[in-house]
Amino acid sequence: MPTYINGSLVGMGDAVKDAEYQKKLSEKTQEFLGDRTSISVAELKKSSLFAKAYKKLDAEGKKNFDAILNLDGDSKNVSEKELKTLMTLLDANLDKVPLEDREAFFMDGEFSIGKNSGIYQATAEEIQNVYKNTKTRAEQKAEEMAKLKAKAQKLDEIGKLIADYDISKGSDLTKALTTIDANISAGNKDGYELYNAAISKLFNGQLVNTNVYRDGGSREYTLKDGTKIFHDNRIFGEENGFVTITRPDGSVEKYNPEGEKVQ
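Residues numbered from 1 in each chain as written. Predicted model: local features only at pLDDT ≥ 70, side-chain atom pairs only at ≥ 80, totals over all residues. Heavy atoms only, no water.

**Concerning the overall build of the protein chain**
Phase 1 of the analysis: A count of helical and extended segments in the protein chain gives ten helices and eleven strands.
Phase 2 of the analysis: Against the globule reference of 18 Å for 263 residues, the protein chain gives a C-alpha radius of gyration of 26 Å, more extended than a compact globule.
Phase 3 of the analysis: Projecting the C-alpha coordinates of the protein chain onto the three principal axes gives extents of approximately 80 × 45 × 25 Å.
Phase 4 of the analysis: A separation threshold of at least 6 residues defines the contact pool for the protein chain, and within that pool the share at least 24 residues apart is 45%. (Helix = DSSP H or I, 4+ residues; strand = E, 2+ residues; numbered from the N terminus. Rg over C-alpha atoms; globule rule 2.2 N^0.38 Å. Contact = heavy atoms within 4.5 Å.)

Listed below in C-alpha cells is the structure:
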C-alpha cells in the first residue's frame, strides 16, 4: 500500500526512510526511552503513550500490536526498532487519495487506532519493510557522522582542485566555478550544502551573499568590493556555465565555461 508523507507518495516501507519523518520518530523515541535502547513489554503497555491506544484495540488489533513487539523474536522486551515500527503503524491511516480512485496510508504524526490504522491495514510484508528500513538513533548518528566525514573529504578534494586559481582574474574565476559545478551536484540538501561550502571556500570571506537566484537556478554573487558575478546555470540555456562579471567601475566581462573571454 502506498504512503503519503510530507506530500510525497512512497511505499509503506519507504516512509521511514524520509529524513524528516525519521527525525520525528527519533524525537518521540527519545522522549519515551531516554538513553535506553529497549523497554519491557509490560512497561510499554502501562505507559500513558501506549496504554490508552492498546486498550481501544479489538482482539485483532491487540494481536497485531503484540506481533510487532515480537518482530525480533523477543516477546518480553521491545527494541528501539520495534518501538519505531509500532509508532509508524499507529501513525499510518488508510484513506482515499484526493481526486484518485485508490487508497493510501497517510502519516500525520498522530496515533490512529480505528479500523483504517496501519495496525489493522498494513500487510505482513509492509510491516517487515517498515521494520527493516527503520534506523535506531545510534545508526542515524553513525550515518550522519559518516556523511559529515565524506562531505569534509569531498570539500578538501575540491579545495585542492581550485587552489591555484586567481579569482581576481575573470578567466580563473570562471574555471573555478566550472570545476565546482563539475564535481558537485546540488540537486539535494547534502549537495546544496556542499556546493555552498565550496563557494565559500573559493571566495574566502569576500562574499556578501551566496543565495541570490535568478533565471531558473542561476546564481549571483556579490563581493565586498561591489563586484557582481552572475553564474548562468539554466540547464537548457544556450549560455549554461557562462559567467558575467560586473566590476565596481561598471565594466563588464563575460566568459564561457572554459574561461575564454567572450565579451
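**Details of helix α7 (residues 124-133)**
Phase 1 of the analysis: Where α7 is concerned, the buried positions are Glu-126, Ile-127, Val-130, Tyr-131 and Asn-133.
Phase 2 of the analysis: Residues of α7 that are buried make contact with α1 (19-33), α4 (59-68), α5 (80-91), β6 (103-106) and α6 (118-121). (Buried < 20%, exposed > 50% of the residue type's maximum accessible area, 1.4 Å probe, protein only.)

**Notes on unusual backbone geometry**
Phase 1 of the analysis: Positive phi, close to 65°, is recorded for Leu-99, a residue that is not glycine.
Phase 2 of the analysis: The topology assignment puts Leu-99 in the loop between β5 (93-96) and β6.
Phase 3 of the analysis: Look at Asn-204: it is not a glycine, yet its phi comes out positive at around 50°.
Phase 4 of the analysis: In this structure, Asn-204 sits in the loop between α10 (189-203) and β7 (207-214).

**Things to note about the packing of helix α9 (residues 170-183) against α10**
Phase 1 of the analysis: Following both chains from N to C, one finds α9 and α10 inclined at 160°, their axes separated by 10 Å at the closest point. As far as their axial angle goes, α10 and α9 are roughly antiparallel. For the crossing formed where α9 meets α10, the hand is right-handed. Facing Leu-173, Ala-176, Leu-177, Ile-180 and Asp-181 of α9, the residues of α10 in contact are Tyr-195, Ala-198, Ile-199, Leu-202 and Phe-203.
Phase 2 of the analysis: In terms of residue class, the contact of α9 with α10 is built from nine nonpolar, no polar and one charged. (Axes fitted to C-alpha atoms, helices over the stretch in contact; angles between N-to-C directions. Parallel < 35°, antiparallel > 145°, perpendicular 65-115°, else oblique. Left-handed = near helix turned anticlockwise from the far one by under 90°. Nonpolar A, V, L, I, M, F, W, Y, C, P; charged D, E, K, R; others polar.)

**Digging into α1**
Phase 1 of the analysis: For α1, spanning 15 residues, the distance from its first C-alpha to its last is 20 Å, which sits close to the expected 21 Å at 1.5 Å a residue.
Phase 2 of the analysis: Taken as a whole, α1 has its buried residues at Tyr-21, Gln-22, Leu-25, Ser-26, Thr-29, Phe-32 and Leu-33. Down the axis of α1, the buried set is contained in an arc of 135°. They therefore lie on one face. Those residues of α1 that are exposed and angled more than 90 degrees off the buried face are Ala-19 and Glu-31.
Phase 3 of the analysis: Looking at the residues trailing α1, positive phi occurs at Gly-34, about 65°. (Expected span 1.5 Å × (residues − 1). Arc of directions from axis to C-beta.)

**Notes on the nonpolar core**
Phase 1 of the analysis: Counting residues in each nonpolar core, the largest one holds 27 residues, and the members touching the most others are Leu-44, Phe-50, Phe-65, Leu-83 and Leu-86.
Phase 2 of the analysis: Elements supplying a minimum of two residues to this core: α1, α2 (41-46), α3 (48-56), α4, α5 and α6.
Phase 3 of the analysis: A total of five residues in this core trace back to one element, the largest contributor, which is α5.
Phase 4 of the analysis: With sequence-adjacent residues up to four places away left out, Phe-50 is seen in contact with Phe-32, Leu-44, Phe-65, Leu-83, Leu-86, Met-87, Leu-90 and Phe-111. (Core = buried A, V, L, I, M, F, W, Y, C linked by side-chain atoms within 4.5 Å.)

**Re the environment of Lys-17**
Phase 1 of the analysis: By the secondary structure assignment, Lys-17 is in the loop between β2 (8-11) and α1.
Phase 2 of the analysis: As for Lys-17 and Lys-135, which are separated by 118 residues in sequence, their C-alpha atoms are 8.4 Å apart.
Phase 3 of the analysis: For Lys-17, the residues in contact, after removing those within four places along its chain, are Gln-22 and Asn-133.

**A closer look at the pairing of strand β10 (residues 243-246)**
Side-chain direction in a regular strand flips from residue to residue, so the side chains alternate between the two faces of the sheet.
Phase 1 of the analysis: Where strand β9 (residues 228-231) lies against β10, four bridges are found, and the strand directions are antiparallel. Each residue of the ladder has a partner; that of His-231, found in β10, is Val-243.
Phase 2 of the analysis: Connecting β10 to the antiparallel partner strand β11 (residues 252-255) that follows it, the hairpin turn spans five residues, and Gly-250 within it adopts a positive phi of roughly 95°. (Pairing = 2+ DSSP bridges.)

**Some remarks on the packing of helix α8 (residues 137-162) against α9**
Phase 1 of the analysis: Put simply, α8 and α9 touch, their axes get as near as 10 Å, and they point 150° apart. Taken together, the axis directions place α8 and α9 in an arrangement best described as roughly antiparallel. Note on packing geometry: the crossing formed by α8 with α9 is right-handed. Contacts from Lys-154, Ile-158, Leu-161 and Ile-162 of α8 reach α9 at Ala-176, Thr-179, Ile-180 and Asn-183.

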